[in-house]
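Results of the structural survey
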Amino acid sequence: MSFEKLLSPISIGKMKVKNRFVVPPMGTNFGNPDSSVSQQLIDYYTARAKGGFGLIVVEVTAIDPLGKAIPNEIGLWSDDFIPGFKKLVDEVHKYGAKIAVQLHHAGRQTARGVIDGQPVAPSAVPCPVMKDMPRELGTDEVHELIRKYRDAAVRAKKAGFDAVEIHGAHGYLIAQFMSPYSNKRIDEFGGDFISRMKFPCEIVKGVRQDLGADFPILFRISADEKVHGGRTVHETKAIARLMEECGADAMHVSICTYGSMHWMFVPPSVPQGFNTDAAAEVKRSVTIPVIAVGRIHDPYLAEDILLSGKADMISMGRASLSDPEIPNKVAENRIHEISPCIACLQGCVGNLFDPDILKVSCLVNPLTGREGVISTDKTTEPKKVVVVGSGPGGLKAAYIAAQKGHDVTCYEKSTVLGGQFRVAGIPSTKHDILSAIKHYVTMGRKYGVTYKTDTEVTAELIQKENPDVVILATGSVPLLPRIKGIENPSFLKAIDVLEGKREAGEKVLVVGGGMVGSETAEFIAERGSKVTILEMMPAIAVDVPPGPRMYLLARLDEYGVTAITGAKVTEFREDGVTCLIADKEEMLTGYDSIVLAMGSTAFNPLEEKIKDKGYEVFVIGDAIKARKAISATEEALKVAASL
């Protein structure tokens, strides 16, 4: 496939964009605490401009301090912000990309701790997620906010932006006015369709008036809010036509509100391009370009969407985190080198909502957010490096070290590369993980990594190799707590079941209901077995991010999997367990198979044996402590880049 359409130019109003690739406005929280543009933010967007994206839409930018949704959200409510944005725009323009800024107000979808005050909204109806009761805006205040959108747009033009995007999606303030789900007003801004549309219409008309006929205006909208009483695509089509009449030059079609956030950050169980048909529906109602978004990671899929006439441009959100150079690689026929998004949600969503981190990154590409502080440029002092283990940490470390010019050998005791990460890609909805493994190996081979499988590394082997550096990425092993009867050889380990080394029976008890246990239960149940999960915590799959967890629980229910929670195993029996449930001893018996999924523990047999032998020794990932895979790749990057 030539990708002729993806690589062809397009005009949005008077703005000509060099290709159809778009970086959508994803919140990174990379702004400074005072909402000004940080160097980290500049480095992040510049990397994507350098990677060939035709249009970059800078993330949520507050038009008012009360409109912030995240703590470090950047702002345009004051002229003081213009110089920082100008610096960002100038850097992006160096690489031929066009850049827009998304003008935003969170409305009720924020928290008092973020804005240091009470949220405001069209009506005193709280967001089901944020829960803070908002203050209903007075009519005069609504007119004042329209002026603030207009003023922010003028500042954007002064900063050198090529376009602005009005954020009318995802349940934020403009979306709140447009939707009967959240707008209960009966004044000029509510009560019927055209009154609910007055707020966005006045904003778009006002921005057009202030910026002139030639300045491009994009409008972002959720085609379907996916909540009871919310808008569906049928009403959205009418809104899109109205926005075009008001002066919008493009429609950017997304999905959902906070009340349906599992549609915003979808896991691999949701097909790529799941929102494309909605974009196609909108496109039938307007003559202006339509931008599609929604788990579009594959350039082959993107090209087909364009050739099919479903959309005119493609937003690659999380894909631009995992690989900021996708457009360049497509143009240079290096498709096989694209670093894939595996929809794991660990860095893009998990980190953003982790109170100890609050900034996005990417499991597959942990350089995201660190573009200006970590370099993988070629070294002037090449070393001999041995990497022990080929899980995500080992493979990433080997690839980056080789890219820097080191002589790298990566050892794996199994016959296949990938470690437990490969096993994690076996469940039916987790196959994207395998593409990450393939990418690491592809890039490692490109830069000269030697891979040796079916080799268990010993201190003697390392001594024979005599490397300068040893990176221990030996991972973890299944945890077997000291519980009476657990050593029964007939019991199965979850990892062995997934890998096909052991087969479960017709009636199965999975002991341990975390992510591994729950996904193993699903894997067994979809093959027709009757499965029960036994979990000590009050709920199963609590270590799975909220969105993916919702989908996982639905699949478990579909397959008839039973979960018994709050159960502490006190003894294993031949066909079941004795456990305490609400301090009452109960016996669960009659199972053909017992599958153990009770966690993992670090496996690091070599460090003590080699640490005083004159090598530089680094331990990364689960070999330190069993954790999420993103910890392994982050540590791998830092270690390999430091060599």
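Refer to the structure above for everything that follows.
Here's a quick rundown of the structure. All values reported here derive from a predicted model rather than from experimental measurement. (Residues numbered from 1 in each chain as written. Predicted model: local features only at pLDDT ≥ 70, side-chain atom pairs only at ≥ 80, totals over all residues. Heavy atoms only, no water.)

Some thoughts on unusual backbone geometry
Excluding glycine, residues mostly carry a negative phi; peptide bonds, for their part, are mostly trans. Located in the positive-phi region is Phe-3, a residue other than glycine, with phi close to 60°. Mapping Phe-3 onto the fold places it in the segment before strand 1 (10-12). A positive phi angle, near 75°, is found at Ser-35, a position not held by glycine. Following the sequence through the fold, Ser-35 ends up in the loop between strand 3 (21-23) and helix 1 (39-50). (Helix = DSSP H or I, 4+ residues; strand = E, 2+ residues; numbered from the N terminus.)

A closer look at the pattern of salt bridges
Here the structure, examined in full by the defined rule, presents 37 salt bridges. Residue Arg-284 pairs with Glu-281 through a salt bridge whose shortest N-O separation is 2.1 Å. Owing to a relative accessible area of 22%, Glu-281 belongs among the partly exposed residues under this scheme. A salt bridge links Lys-484 to Glu-571, with the nearest nitrogen and oxygen atoms 3.9 Å apart. Placement of the pair is Lys-484 in the loop between strand 18 (476-478) and strand 19 (492-493) and Glu-571 in strand 23 (residues 567-573), with a sequence separation of 87 residues. On the basis of relative accessible area, Lys-484 is assigned to the exposed category, the value being 60%. A single network of salt bridges, built from pairs that share partners, joins Arg-147, Arg-150, Asp-151 and Asp-210. (Salt bridge = Lys/Arg side-chain N within 4 Å of Asp/Glu carboxyl O. Buried < 20%, exposed > 50% of the residue type's maximum accessible area, 1.4 Å probe, protein only.)

Re the side chain of Asn-183
In this fold, Asn-183 is placed in the loop between helix 5 (173-178) and helix 6 (193-196). A distance of 3.0 Å separates a polar atom in the side chain of Asn-183 from the backbone nitrogen of Arg-185. Beyond its immediate sequence surroundings of up to four residues, Asn-183 is in contact with Pro-122, Ser-123, Gln-176, Phe-177, Phe-189, Gly-190 and Arg-196. (Polar contact = N/O pair within 3.5 Å; in protein donor to acceptor, adjacent residues only side chain to side chain. Contact = heavy atoms within 4.5 Å.)

Details of helix 2 (residues 82-93)
In this model, helix 2 (12 residues) spans 16 Å end to end at C-alpha, consistent with the 16 Å of a helix rising 1.5 Å per residue. By the burial criterion, the buried members of helix 2 are Ile-82, Phe-85, Leu-88, Val-89 and Val-92. All buried residues of helix 2 fall inside an arc of 125° around its axis, so they share one side. For helix 2, the elements touching its buried residues are helix 1, strand 4 (55-62), strand 5 (74-75), strand 6 (98-104) and helix 4 (139-158). (Expected span 1.5 Å × (residues − 1). Arc of directions from axis to C-beta.)

Regarding the nonpolar core
If you look at the biggest cluster of nonpolar residues, it comprises 130 residues, and the most contacted ones within it are Phe-85, Leu-103, Val-164, Phe-199, Phe-219 and Met-251. For Met-251, the contacting residues outside a window of four places in its chain are Phe-219, Ile-221, Ala-240, Met-243, Val-282, Ile-288, Pro-289, Val-290 and Ile-291. Ile-495, Ala-521, Val-595 and Ala-597 belong to the second largest nonpolar core, which has 23 residues in total. (Core = buried A, V, L, I, M, F, W, Y, C linked by side-chain atoms within 4.5 Å.)

Looking at the pairing of strand 24 (residues 576-581)
Regular strands show a simple pattern: their side chains alternate between the two faces of the sheet. When you tally the buried positions in strand 24, you get 5 out of 6 residues, the bulk of the element. Here strand 23 runs beside strand 24; their pairing, made up of 6 bridges, is antiparallel. What sits directly across from Ala-567, in strand 24, is Ile-581. Hairpin remark: strand 23 followed by strand 24, antiparallel, with 2 residues in the connecting loop. Two strands pair when backbone bridges link them, and strand 24 and strand 25 (residues 584-588) are joined in this way by 5 bridges, in the antiparallel orientation. Paired with Val-577 across the strands is Leu-588, a residue of strand 25. Joining the antiparallel neighbours strand 24 and strand 25 is a turn of 2 residues, in which Ala-582 adopts a positive phi near 55°. (Pairing = 2+ DSSP bridges.)

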